[in-house]
Each structure stands twice: as structure tokens, then as C-alpha cells.
Amino acid sequence: MKRTDLISPAVIITALLLAAFPLLANAFWLVQIGAQTFIYGIIALGLILLAGYGGMVSLAQMSVAGLAGYSMAIFGLNSAGLGLGWPLPVVIITAIILATIFGTLIGVLSVRTEGIYTIMITLAVATGFFYFTRQNYAIFNGFTGFAGIKAPVIGGYDLRNPVWFYYLCLIFAAFSYLAITHLVRSTFGVALQGVRDNARRMEALGFHVKAHRITAYAIASVLAAIGGILTVWMNDRIDPSSIGVGPAIDILIIAVIGGLGHPVGAFIGALIFTLVDNFAIDLIDRERFNTVIGAVFLFIVLFSPDGVIGWWRRLFKPGSSSARASSQ
Amino acid sequence: MSHDTRQMDRHPIGGSSFALELADVGRKFGSLVALEDISFSVRAGERRAVLGANGAGKTTLFNAITGDFPPTSGRIVFFGEDITHLAVHNRIRRGLRRTYQKSLLFGGLSVLDNLYLAVRGVMDGRFSPQRPRPDDIASTRARDLARFVHLGERADMPVGDLSHGQQRQLEIGMAMAGAPRLILLDEPAAGLSPAERTQLVEMLNGLPGHITFVIIEHDLDVALKVSDKVTVMNNGQLFREGTPDEIRNDQDVQAIYLGGGTR
Ligand SMILES: Nc1ncnc2c1ncn2[C@@H]1O[C@H](COP(=O)(O)OP(=O)(O)OP(=O)(O)O)[C@@H](O)[C@H]1O
Ligand SMILES: [Mg+2]
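All chains use their own residue numbering, which begins from 1 and follows the written sequence. Chains and ligands are labelled sequentially in the order written, the chains with letters from A and the ligands with numbers from 1. Residues qualify for local features only when their pLDDT is at least 70, as the model is predicted, and side-chain atom pairs are given and counted only at 80 or more; totals for whole chains, interfaces and linings, by contrast, use all residues. Heavy atoms throughout the structure, all of them, feed into the side-chain values; hydrogens and water do not.

**Re the overall build of chain B**
Alright, step 1. Strands here are runs of E lasting at least two residues and helices are runs of H or I lasting at least four, both read from the DSSP assignment and numbered beginning at the N terminus. Assigned secondary structure in chain B consists of ten helices and ten strands.
Alright, step 2. The principal-axis extent of the C-alpha atoms belonging to chain B is close to 55 × 40 × 35 Å.
Alright, step 3. Evaluated residue by residue, chain B yields a buried proportion of 54% over its 263 residues.
Alright, step 4. Any two residues whose heavy atoms approach within 4.5 Å are treated as being in contact. The long-range share in chain B, meaning contacts at least 24 apart out of those at least 6 apart in sequence, stands at 67%.
Alright, step 5. Areas reported here follow the Shrake-Rupley algorithm with a probe of radius 1.4 Å; residue values treat only the protein chains shown as occluding. Summed over its atoms, the accessible surface of chain B is roughly 11000 Å², and 51% of this surface lies on carbon and sulfur atoms.
Alright, step 6. A positive count includes Lys and Arg, and a negative count includes Asp and Glu. His and the chain ends are not counted in either. To locate a charge, the coordinates of NZ of Lys, CZ of Arg, CG of Asp or CD of Glu are taken. Charge-centre separation for chain B: the mean point of 31 positive side chains lies 5 Å from the mean point of 32 negative side chains. To sort residues, take the accessible area from a 1.4 Å probe on protein chains only and compare it with the maximum for the residue type: under 20% means buried, over 50% means exposed, and anything in between is partly exposed.

**A short note on the environment of Leu117 of chain B**
Alright, step 1. Relative to the helices and strands, Leu117 of chain B resides in helix 4 (residues 111-121).
Alright, step 2. Note: C-alpha distance between Leu117 of chain B and Ala189 of chain B (72 residues apart in sequence) is 24 Å.
Alright, step 3. The residues touching Leu117 of chain B, leaving out its near neighbours within four places in the chain, are Val190, Ala191, Met202, Leu205 and Phe207 of chain A together with Phe106 and Leu109 of chain B.

**Brief notes about the interface of chain A and chain B**
Alright, step 1. The interface of chain A with chain B comprises 29 residues on the first partner and 33 residues on the second.
Alright, step 2. Of all residues in chain A, Thr187, Arg200 and Arg201 of chain A give up the largest surface area on contact with chain B, accounting jointly for 25% of the area buried on that side.
Alright, step 3. Taking the shortest distance from any N to any O, the salt bridge between Asp68 of chain B and Arg200 of chain A comes out at 2.6 Å.
Alright, step 4. Polar contact criterion, stated in full: a pair of N or O atoms within 3.5 Å, where within protein one must be able to donate a hydrogen and the other to accept it, and residues adjacent in sequence count only if both atoms are side-chain atoms. Summed over the shared surface of chain A and chain B, the result is twelve residue pairs in polar contact (both at pLDDT 80 or more).
Alright, step 5. Breaking the side of chain A that touches chain B down by element, the ones donating at least two residues are helix 6 (162-183), helix 7 (187-197), helix 8 (199-203) and helix 9 (209-235) of chain A.
Alright, step 6. Residues are grouped as follows: Ala, Val, Leu, Ile, Met, Phe, Trp, Tyr, Cys and Pro are nonpolar; Asp, Glu, Lys and Arg are charged; every other residue, Gly included, is polar. Of the residues assigned to the side of chain A that touches chain B, the class counts are eleven nonpolar, 13 polar and five charged. Throughout, buried area stands for the accessible area (probe radius 1.4 Å) lost by two parts on being put together, summed over both. Just to be clear on terms, a salt bridge is a Lys or Arg side-chain nitrogen sitting within 4 Å of an Asp or Glu carboxyl oxygen.

**Let's talk about the sheet that holds strand 2 (residues 32-43) of chain B**
Residues and elements named next belong to chain B.
Alright, step 1. Across the sheet, four strands lie side by side as 2-1-4-5; this open sheet has antiparallel pairing. Every interior strand has two partners, whereas the edge strands, strand 2 and strand 5 (81-82), have only one.
Alright, step 2. Bridge count between strand 4 (residues 73-78) and strand 5: two bridges; the pairing is antiparallel. Within the sheet, the bridge partner assigned to Val77 lies in strand 5 and is Asp82. DSSP-based pairing: two strands are paired if at least 2 bridges between them are found.

**Section: a nonpolar patch on the surface**
Alright, step 1. Where nonpolar side chains cluster on the molecular surface, the patch consists of Ile93, Ile97, Ile101, Leu105 and Val108 of chain A and spans about 450 Å² of accessible area.
Alright, step 2. By secondary structure assignment, the location of Ile97 of chain A is in helix 4 (residues 88-110). Candidates for patches are residues over 30% relative accessible area with no salt bridge; among them, like charges are joined within 9 Å and nonpolar side chains (Val, Leu, Ile, Met, Phe, Trp, Tyr) within 5 Å.

**Some points on the sheet that holds strand 3 (residues 47-52) of chain B**
Residue and element names in this part refer to chain B.
Alright, step 1. The strand order across the open sheet built from six strands is 6-7-8-3-9-10, with neighbouring strands paired in mixed fashion. Strand pairing shows two members of the sheet lacking a second neighbour, strand 6 (96-98) and strand 10 (237-242), which therefore form its edges. Going from strand to strand, the sheet's axes swing by 20° on average, the running direction of each strand aside.
Alright, step 2. In this structure, strand 9 (residues 229-234) lies alongside strand 10, joined through five bridges in antiparallel fashion. Its bridge partner being in strand 10, Val230 is matched across the sheet by Gly242. To define axes, lines are fitted to C-alpha atoms, for helices over the stretch in contact only, and angles between the resulting N-to-C directions are given on a 0 to 180 degree scale.

**Side note on the packing of aromatic side chains**
Alright, step 1. Aromatic pairing here means that ring centres of Phe, Tyr or Trp (its six-membered ring) are within 6.5 Å. Orientation follows from the plane angle: under 30 degrees is stacked, over 60 is edge-to-face, and everything else is tilted. This model, assessed by the stated rule, comprises 21 aromatic pairs over all chains.
Alright, step 2. For the ring pair Phe132 of chain A and Phe140 of chain A, a centre distance of 5.8 Å and an interplane angle of 75° mean the geometry is edge-to-face.
Alright, step 3. On the accessibility criterion, Phe132 of chain A (43% relative accessible area) is partly exposed.
Alright, step 4. Taken together, Phe21, Phe38, Tyr157, Trp164, Tyr166 and Tyr167 of chain A form an aromatic cluster joined through their ring pairs.
Alright, step 5. Positioned above the aromatic ring of Phe79 of chain B, the side-chain terminus of Arg181 of chain B is 4.0 Å from the ring centre.
Alright, step 6. Taking the ring centre of Phe239 of chain B as reference, the NZ or CZ of Arg240 of chain B above it sits at 4.9 Å. A ring has a charge above it when a Lys NZ or an Arg CZ is no more than 6 Å from the ring centre and no more than 35 degrees off the ring normal.

**Topic: the domain arrangement of chain B**
All names here are of chain B.
Alright, step 1. For chain B, the assigned domains are domain 1 (1-95 + 181-263) and domain 2 (104-179).
Alright, step 2. In this entry, domain limits derive from an automatic or database-based domain assignment. For domain 1 and domain 2, the distance between their C-alpha centres works out to 24 Å.
Alright, step 3. Across the contact, 23 residues belong to domain 1 and 18 residues belong to domain 2.
Alright, step 4. Here domain 1 is connected to domain 2 by zero salt bridges.
Alright, step 5. Scanning the region where domain 1 abuts domain 2 turns up four residue pairs in polar contact (both at pLDDT 80 or more).
Alright, step 6. Elements supplying a minimum of two residues to the side of domain 1 that touches domain 2: helix 1 (3-10), helix 3 (88-93), strand 7 (182-186) and helix 7 (194-205).
Alright, step 7. Looking at the side of domain 1 that touches domain 2, its residues break down into eleven nonpolar, five polar and seven charged.

**Quick word on the site of ligand 1**
Residue and element names in this part refer to chain B.
Alright, step 1. For each residue, the test is whether any non-hydrogen atom lies within 4 Å of the molecule or strand; if one does, the residue is near. Taken together, 15 residues form the shell around ligand 1, and within it Gly55, Lys58, Thr59, Thr60 and Gln101 come nearest.
Alright, step 2. Note that an oxygen atom of ligand 1 is positioned 3.2 Å from one of the backbone N or O atoms of Ala56.
Alright, step 3. At a separation of 2.8 Å, an oxygen atom of ligand 1 approaches a polar side-chain atom of Lys58.
Alright, step 4. For ligand 1, whose unbound accessible area comes to 630 Å², protein coverage reaches 66%.
Alright, step 5. Of all the elements in the fold, those that place two or more residues in the shell around ligand 1 are strand 2 and helix 2 (58-66).
Alright, step 6. It is helix 2 that contributes the most residues to the shell around ligand 1, three residues altogether.

And the structure:
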């Protein structure tokens with residue numbers, strides 16, 4: 001409820017740099033690093049809302065994103081010729097709505113639980129959905145999944161062009177970031193943090209704690225859906241391997257590396273993750289990616305449990321404690 | 001028209017002459033019977049003290065009434081409405097309030113933010129995507145409450161930095177949010193200095209007459225100064241009910257009470 005930091009010099013400089021990035025970068029940097037960072041960031045942003053501000057660690061964000069991605073293939077067009085070929089705006093809206101319903105239902109299921117049980121129940125959903133898509137050929141085309149889900153041309157901008165795709169992702173990332181940064185300080189957001197710190201007390205103040213939690217799941221699902229749609233446009237395909245347990249945990253790793261204490265953590269974590277993902281291969285062989293990201297994860301969690309932004313805060317604002325309320 | 005007045009219209013004062021009626025309320029924790037067949041009523045506008053040794057079941061009684069730990073048997077009627085199976089937040093929205101024996105505050109938030117949440121909890125707009133502004137209704141009421149419990153000057157302090165006595169005051173301020181009709185006070189004077197106790201007694205006696213309260217209090221002096229009627233509990237059961245004078249002079253009460261846990 002304090003002063004806004006949306007218009008600080010750091011934010012303006014970052015925005016300018018990001019907007020100018022296409023002047024310097026080649027297609028690899030624009031898409032594989034830039035766009036991928038924004039997409040991971042958007043999906044992880046939902047997890048930061050849930051976990052950092054709501055105290056609910058969900059491993060199902062990637063499943064929700066995946067359902068949105070699959071919906072793009074199923075209701076739109078794909079190279080397997082199995083798509084329904086609906087008009088693009090209808091497909092996009094359907095994908096977002098279906099994914100949001102899915103994510104909200106996951107919320108309904110898991111808000112009865114707390115802590116480790118939330119992790120387990122959402123992991124169960126993620127695992128179940130992964131195996132379901134792999135075995136179901138009628139809807140999800142099983143193991144193969146779908147390819148040929150092309151990014152569209154919108155208003156004359158061909159989104160298959162790396163520059164335009166980069167800007168598209170940047171716009172959604174910026175919009176999501178601003179929305180969540182605003183939301184966490186809104187009445188809803190402050191109440192959500194109250195629920196995180198002391199759910200019983202919030203209930204005794206007149207708040208419907210479950211409704212607050214489920215609403216947070218719904219909002220996180222919209223973010224996951226946006227990320228899922230951008231992902232299929234970027235990769236031009238989707239199959240079960242992109243929504244398995246590995247990718248589900250990657251989102252948690254991203255959020256924790258960046259830091260759960262502020263929305264910006266999602267994008268910092270996403271950038272570090274994406275860089276390691278792309279360049280670990282230069283250091284050691286491909287199979288060792290998990291070792292590298294695991295080491296980075298361990299290093300950050302050991303030295304700064306509140307992620308890179310926690311470390312940053314301690315470095316530049318000594319004495320300022322973390323944003324988390326301690327009321328236990 | 002504010003939400004609070006609408007709430008009053010729905011449950012008009014005087015619609016029932018009782019603020020609270022308990023019928024055979026029981027609560028078990030596993031095999032432990034913490035409350036057994038408690039039946040009693042509190043009139044609207046009455047101030048009732050509940051006494052009893054440690055472990056007598058006083059806090060459990062409050063938990064049953066608010067739904068924090070709902071009763072395992074019996075019925076609870078609040079201003080004529082059966083609330084036995086109502087969710088906690090719905091009881092609160094009907095005008096039931098409580099304070100906790102061990103302060104349950106948001107330690108990382110400021111005094112004002114704690115009060116803001118309390119005010120917002122019983123108002124519309126709990127899901128508002130708008131930021132609270134210093135001049136909106138809820139914030140204004142939160143500031144009024146801070147002054148009411150003598151924390152006006154400390155409104156922006158983190159709650160963790162308040163003294164024990166100030167935290168107890170804040171608990172009461174949070175219970176005063178919105179339009180309380182019945183407040184359950186769980187040992188509000190515990191750990192207070194004599195001066196703070198006097199201040200508390202004054203504040204309780206200064207509450208508007210239409211507010212009913214039930215106070216659990218080990219300090220007989222405080223309890224008897226603020227109440228019209230006293231209920232004594234023992235071993236999860238009702239033991240005595242009477243005026244402060246009757247209770248003060250009751251031999252049996254003195255035996256269990258003084259033998260039990262006067263602090
Ligand atoms: N959540 C709970 N789980 C298990 N047992 C409980 C619980 N709450 C209370 N009890 C038990 O119920 C009995 C009554 O406890 P209660 O807290 O109501 O006593 P009290 O009269 O408020 O005592 P005090 O004066 O110490 O506050 C005790 O034996 C206590 O251990
Ligand atoms: Mg007690």
C-alpha cells in the first residue's frame with residue numbers, strides 16, 4: 001500500500017532497452033532468449049501470485065499453459081489436419097477460457113489443502129494431465145501431439161518474423177507485469193497476502209478465504225493461458241513432453257531463482273533459466289543441463305532464499321526487510 | 001446507503017431480544033470433551049463475563065460460537081438466526097466479532113493495514129482490484145478505529161513493533177470494525193499494566209449501549225466492573241450464573257476459581 005515504483009528510472013531504462021533490443025539482436029537472441037524469457041516469465045508470474053502472495057505453491061501452471069496451447073491446435077489449424085479451423089479470435093478466446101476453467105478447477109481442488117499437500121495435489125494433476133495427453137489420441141493426438149500451429153499475421157504484422165514476435169511477447173509480458181504489480185497492492189492483493197499469512201484470522205475478519213484463493217488461481221490461469229498460446233506460436237508445435245513433470249518444475253525453479261517476493265522475480269528467473277538452458281550446452285554436453293540448472297538453483301536458494309531479487313534488495317537497500325509479513 | 005446499514009436492516013436490532021442463545025452445545029477434541037451441554041442466553045445489549053479456571057473451556061466456547069472450531073453437538077442462535085452451520089466469515093458479516101487470547105495480528109503489516117483488513121472484511125469490495133487510497137471509506141474508518149483504541153499516533157507502525165498492551169488494544173480495534181452486534185473478548189486484559197487495565201475498563205464501559213459483549217477475564221476486578229451478569233464455567237460445563245455480587249460471594253465459585261487459575 002506504499003508508494004508506486006512503476007515509473008522509477010530503473011523501470012524506464014529497462015523498458016527502453018527492451019524496446020531497442022531488436023536493433024542489436026539477431027533472430028536467435030530475439031526469439032530463443034528474448035521471447036522465451038517473456039513467455040516463461042508470464043507463466044511464472046502466475047506462480048508468483050499464487051505462491052509468493054497467496055502461499056499456494058502450484059505445480060500445475062504448465063499444465064494450464066499446455067491446455068491453452070493444445071486448444072490452439074485443436075480448435076485452430078495444425079499440420080496433422082485435425083484442427084477444427086475456427087476463426088483465430090474465437091480460437092484464442094476459447095483457449096483462454098478453457099485453460100482458465102481448468103486452472104480454476106485445480107484451484108477448487110487444492111484450496112482445501114495447505115503447504116506440501118498443495119504441491120502434491122497439483123503435481124498429481126500435472127502428472128495425470130501429462131499421461132492423459134500422451135495416451136489420448138482422439139483429442140490430444142497422443143505421443144506425437146500437434147505441429148504446424150503457425151503464429152498468425154495480425155494487422156499486417158507477421159508474427160513469424162522474429163522482431164514482431166519479440167514485440168508481441170514483450171507487450172504481453174509488460175502488460176502482465178504491470179497488471180500483477182498493481183493487483184498485489186490492490187485490496188484483493190492485500191487480502192490475498194493476509195490469507196497467506198494467517199488464513200484463520202482472515203476468515204474471522206469476514207473474508208471468504210477459499211474464494212480469495214480460487215480467484216488467485218483463476219488469475220494465474222489467465223497468465224498461464226497467454227504463455228501457453230505464445231509458446232505454441234513460438235515452437236509451432238505442442239506435444240506431451242512440453243507439459244511433463246520436468247517443465248512443471250521448471251516454472252517453480254524459475255520463480256524461486258528470481259524470487260517470490262516481487263513480480264519482477266518471474267522475469268529475472270526466466271532470463272537466468274533461459275540463458276542456462278541455451279548456453280549450458282556450450283559448457284558441457286546437453287544431458288548435463290539439469291545438473292547446471294540444479295546447481296544454479298541450489299546456489300541461489302542457499303545464498304539467497306528469496307531469490308535474486310532478495311539478494312538485490314539486501315545489496316541496495318540495506319536494512320529494508322523483505323516484503324513478507326511475519327505473523328505466526 | 002452503506003453496506004453496514006443494509007446489514008442492520010436485514011437483522012433489525014430488537015428482532016430478537018437475545019443476542020446469543022446456546023442450546024446443548026458440545027465440543028469434543030478426539031476423546032476429550034472440551035464443552036458439554038452448554039445452554040445459556042445473552043440478551044441484546046447485555047454485558048456478560050465468563051469466568052473459569054485454566055482449561056475450563058472458555059476459549060473453546062468462543063471458538064464454537066464463531067465457528068473457528070464449530071460445535072460437535074447443539075445449536076447456536078445469533079439474534080434469532082441459527083448460525084450453527086454457517087461458515088466463519090458469514091457469522092462475522094452478520095455482526096459477530098471476537099478478539100483472540102493470543103493476539104492474532106498481521107505482524108508484518110502496519111496498524112492501519114491491520115485495521116483496513118478488518119474494515120474491508122465486513123464491507124463490499126473485498127475483491128476490489130483498486131488500490132486502497134488514504135481517503136477512501138475503508139481507510140478513513142481504519143484511521144478512526146486506530147484513534148478509538150488510542151493507536152492514532154502509531155497508525156503507520158508495523159504491528160510487530162507495538163508493545164503487548166498496544167497489540168491487545170489493536171485486537172479490540174479490529175473487533176470494532178463495521179457494525180459489531182456481539183463482541184467476544186478473550187482475556188483482553190491479560191498481561192496489561194494496571195494503568196492499561198483502567199483504560200480498557202473505561203473503553204469497554206464507553207461502548208455504545210446496543211453493542212453486546214461477552215468477556216472472558218481472569219481478573220475478577222475487571223470482569224465485575226464491566227459486566228451485568230457472570231457465567232462461571234468448570235470442566236467444560238456451566239457451573240454458576242448470577243449477578244456480579246452473587247458470584248463474588250459464592251463459596252463454591254471461590255473454591256474452584258481461586259483454587260484454579262487466578263493470574
Ligand atoms: N484445538 C484444540 N485441540 C485439542 N484440544 C483442545 C483444543 N482447544 C482446546 N482444547 C482443550 O480443551 C480444553 C479447554 O481449553 P480452553 O482453551 O477452552 O480453556 P480455557 O478455559 O480457555 O483456558 P485458559 O484460561 O487457559 O485460556 C483444554 O483441555 C484444551 O486442552
Ligand atoms: Mg482461553
